[in-house]
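Report on the structure
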Amino acid sequence: MCGIIGEIGKVNVMGDILEGLKKLEYRGYDSAGVAVFTDAGVRRVRAVGSIAALEEKLRNDAPAGTLAIGHSRWATNGKVTEANAHPHRAGKFTAVHNGIIENAAALKAEYFAGAAFESETDTEVVVKLLDRFYTGDVGEAIRRTEAVLTGSWALGILCDDCPGTLFAAASGSPLLVIETGNGRCIASDAGAVQDPVSVTKLENREYAALTANAVTIYNEKGEPVQKAPLTATAGALTLDKGGYEHYMMSEIMQQPEAVRRTLAAVPDEDYIRDAREIVIVACGSAYHTGLVGARLFESVRRIRAHAEIASEFRYADPLIGPGTLCIFVSQSGETADTLAALRLAKEKGARTLAIVNVPGSAIATESDEVILTRAGREIAVATTKAYSAQLAVFYCLALGKTEALGRLPEAIYTAIAENDEKCRRVAERIAGCRNIFFIGRLLDNAVSQEGSLKMKEISYLNSQAYAAGELKHGTISLVEPGAPVIATVTDETILTKTASNLHEVKARGAFTIVIAAKHLADKIEADLTLTVPDVGPLLAPSVAVVPMQLMSYYTAKALGCEIDKPRNLAKSVTVE
Ligand code: AGP
């Protein structure tokens, strides 16, 4: 995920751009750069590393101008080098980009075979296309470029022929047009701009032209459109959505950063120590992370472990005691059943550890030890970023902070970027179904439980998650023609088994969707294949859950459901 910002004003905007980039740094800080329209034309300054490295470069030679764009990069296409840092330039165009152009290689071959490229990025292909399609009308160049792109983009664009205009275009990545007292800006999220007076979100394939005195937004046909801004007075919560329509989508997008922050914050302590057995106790999605954690403790640390639903545990007179480590997982830290289970565990002499997102919450304060997830405030009732942060803690506890774990945030980002559009499209099909099935084995089954809950709680469609091998013991009788069966396959050792389960349901008319690790995708047949980065089977739940979240979100959206506050639910269930 990257952060972009741009401004056109009446005075030098460089200070605003750099301050904005600092506020966007959470979106990635592999490299940063600015492009400023100076009296001598467009000048670029780029640096590998954080914004501070860019500021250092600018200290003695800061170009000034009333029109500029800036970018903080999290490398997805191309290594972390200055040549790959944004802004990218080609001909008369300079641009910054957040998103992934899935067909960049094909476009490069089709339009620029043999041409010299200064970078390895997909963004440079976009800038070259803008220049290729430019015949004097920037809007037309944007429309023609967007017509050939596949993937996601939020673009800030400068054209050498237009020193008084900042251009912006977006599809699939957030981009806000923000008016302030000093000028007109574009940004990946509203928090990057001082004192916003009004905030307007660019919808898919809309583009904008911002001058010092006006903003014009166009639809993909090039017709000016009037859009109601999300004014600052709409309440801070509106702005908190980062320009997305729902908190849930904003929080899905925040997952890479939530995981990155959580991994950085988990203390290097041996919380497991002398535990002879581990019992993970939680509710809902938190319980689902416990299913993953328990599997990892047993398969990697070879410690007996299992997950229990808190409302069952608290009345089961569980066989626990001083040799037991009880881990309580809770986003809110206030869930009544989980809190009661914690108190029972302490009465029985078990050691207690909490994994909680809200500091100072009851479960955090009453546990012997606590590990805080760093997901930030989670508004949507359907948890996403807190779930992912909880998984990150379990990986640290069971596997340690491995190098592969350090790459997980970027893999989650890629899973989002590469599946968002496909999940949006397949949702229309799922929305018309009565029963939806999620199947998998072992960790793929554990994450399928979470996918099924996401689908149920926001789309109100009946969804069930089953161990793939269990279907034929009864549930398969529910599989009717057209029923979506979503299989997750991230572990090659069990691929053929799940593949045969898919054949069984296909034979009964199911619409099969597979969520597969990229290197396994061509080994399993389905009506629709969604691929996620290969992070190894132990970490796979964190990337496999992403298409499930996205399919659930878009299915609920297609059905017109109230996504952030689903009926009958609450963000924290503080009663039995
Ligand atoms: C998840 O999307 C639900 N909102 C729900 O299952 C939730 O995970 C459960 O109520 C537990 O809440 P907690 O994490 O705050 O304890």
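All chains use their own residue numbering, which begins from 1 and follows the written sequence. Given that this is a predicted model, residues contribute local features only at a pLDDT of at least 70 and side-chain atom pairs are listed and counted only at 80 or more, while totals for whole chains, interfaces and linings are drawn from all residues. Side-chain numbers come from the whole structure's heavy atoms, not from hydrogens or water.

1. Let's talk about the overall build of the chain
- Along its length, the chain carries 18 helices and 25 strands.
- With C-alpha atoms as the basis for the radius of gyration, the globule rule is written as 2.2 Å multiplied by the number of residues raised to the power 0.38. For 576 residues, the compact-globule formula gives about 25 Å, and the C-alpha radius of gyration of the chain, at 25 Å, lands near that figure.
- In terms of overall dimensions, the chain has a C-alpha envelope of 75 × 55 × 40 Å along the principal axes.
- Pairs at least 24 apart in sequence give 71% of the contacts found in the chain among residues at least 6 apart.
- Surface accessibility follows the Shrake-Rupley procedure with a 1.4 Å probe radius. Residue values consider only the protein chains on display as shielding. Looking at the chain as shown, the accessible area adds up to about 21,400 Å², and 49% of this sits on carbon and sulfur atoms.
- Positive: Lys, Arg. Negative: Asp, Glu. His and the chain ends are not part of the count. In this description, the location of a charge corresponds to atom NZ of lysine, CZ of arginine, CG of aspartate or CD of glutamate. Distance between charge centres in the chain, computed from 60 positive and 70 negative side chains, equals 2 Å. By the criteria applied, helices consist of DSSP H or I runs no shorter than four residues and strands consist of E runs no shorter than two, each listed in order from the N terminus. A contact between two residues is defined here by any heavy atoms of the two lying within 4.5 Å.

2. Remarks on the pattern of salt bridges
- In what follows, salt bridge is the name for a side-chain nitrogen of Lys or Arg lying within 4 Å of a carboxyl oxygen of Asp or Glu. By the definition in use, this model includes 31 salt bridges.
- Here E369 ties to R351 by a salt bridge, and the two come within 3.2 Å at their closest N and O atoms. On the criterion of sequence distance, the pair formed by E369 in strand β20 (residues 369–372) and R351 in strand β19 (residues 351–356) is long-range, its members being 18 residues apart. As far as burial versus exposure is concerned, E369 and R351 are alike and both buried.
- A salt bridge links E450 to K454, with the nearest nitrogen and oxygen atoms 2.7 Å apart. In this pair, E450 and K454 both sit in helix α16 (residues 443–459), four residues apart, roughly one turn of the helix. Throughout, exposure labels follow a simple rule: accessible area from a 1.4 Å probe, protein chains only, divided by the maximum for the residue type, with under 20% read as buried, over 50% as exposed, and the rest as partly exposed.

3. Focus on the packing of helix α8 (residues 255–265) against helix α15 (residues 408–430)
- Axes here refer to lines fitted to C-alpha atoms; in helices the fit is confined to the stretch in contact. Angles between the N-to-C directions go from 0 to 180 degrees. The geometry of α8 relative to α15 is characterised by a closest axis approach of 8 Å and an angle of 170° between their N-to-C directions. Classified by the interaxial angle, the pair formed by α8 and α15 is roughly antiparallel. On the side of α8, the interface is formed by Q255, P256, V259, R260 and L263, while α15 contributes L408, P409, I412, Y413 and I416.
- In terms of residue class, the contact of α8 with α15 is built from eight nonpolar, one polar and one charged. Convention used here: angles under 35 degrees read as roughly parallel, angles over 145 as roughly antiparallel, angles from 65 to 115 as roughly perpendicular, and any remaining angle as oblique. Three residue categories are used. Nonpolar comprises Ala, Val, Leu, Ile, Met, Phe, Trp, Tyr, Cys and Pro, charged comprises Asp, Glu, Lys and Arg, and polar comprises the others, including Gly.

4. Considering helix α13 (residues 385–399)
- In this model, α13 (15 residues) spans 21 Å end to end at C-alpha, consistent with the 21 Å of a helix rising 1.5 Å per residue.
- The buried count for α13 comes to 14 of 15 residues, which makes it a mostly enclosed element.
- G400 occupies a position one or two residues after α13 and carries a positive phi of about 85°. In this scheme, a helix's expected span is set at 1.5 Å multiplied by one less than its residue total.

5. Points about the pairing of strand β12 (residues 206–210)
- Buried residues dominate β12, accounting for five of its five residues.
- Neither face of β12 is open: one carries E206, A208 and L210, the other Y207 and A209, and all of them are buried.
- The rule for pairing is simple: two strands pair if DSSP sees at least two bridges between them. One ladder, built from five bridges, connects strand β8 (residues 166–171) with β12; its direction is antiparallel. If you follow F167 over to β12, its bridge partner there is A209.
- Relative to strand β13 (residues 215–218), β12 is paired through four bridges, and the arrangement is antiparallel. Looking at β13, one finds that L210 is bridged to V215.
- Between β12 and β13, which pair antiparallel one after the other, the connecting turn spans four residues.

6. As for the site of the ligand
- The near set for a molecule or strand comprises every residue that places at least one heavy atom within 4 Å of it. Near the ligand lie 14 residues; those nearest to it are S330, S332, T335, V381 and E457.
- Measuring from an oxygen atom of the ligand, one finds a side-chain N or O atom of T335 at 2.5 Å.
- Polar contacts here mean pairs of N or O atoms no more than 3.5 Å apart (in protein, one a potential hydrogen donor and the other a potential acceptor; neighbouring residues in sequence count only if both atoms are side-chain atoms). In the model, an oxygen atom of the ligand is placed 2.4 Å from a nitrogen or oxygen of the E457 side chain.
- Contact with the protein chains hides 91% of the accessible area of the ligand, taken as 410 Å² for the molecule alone.
- Where the shell around the ligand is concerned, the elements lending two or more residues are α9 (284–299) and α16.

7. Considerations on the sheet that holds β13
- The strand order across the open sheet formed by seven strands is β5-β6-β7-β8-β12-β13-β14, and the pairing between neighbours is antiparallel. The two strands at the open ends of the sheet, each matched to only one other strand, are β5 (88–90) and β14 (224–225).
- Bridge count for strand β7 (residues 153–159) against β8 is five bridges, and the pairing is antiparallel. Within β8, the position partnered with W153 by the bridge is S171.
- The strands touched by helix α5 (residues 138–148) are β6 (93–98), β7, β8 and β12; relative to β8, the strand with the most contacts, the crossing angle is about 20°.

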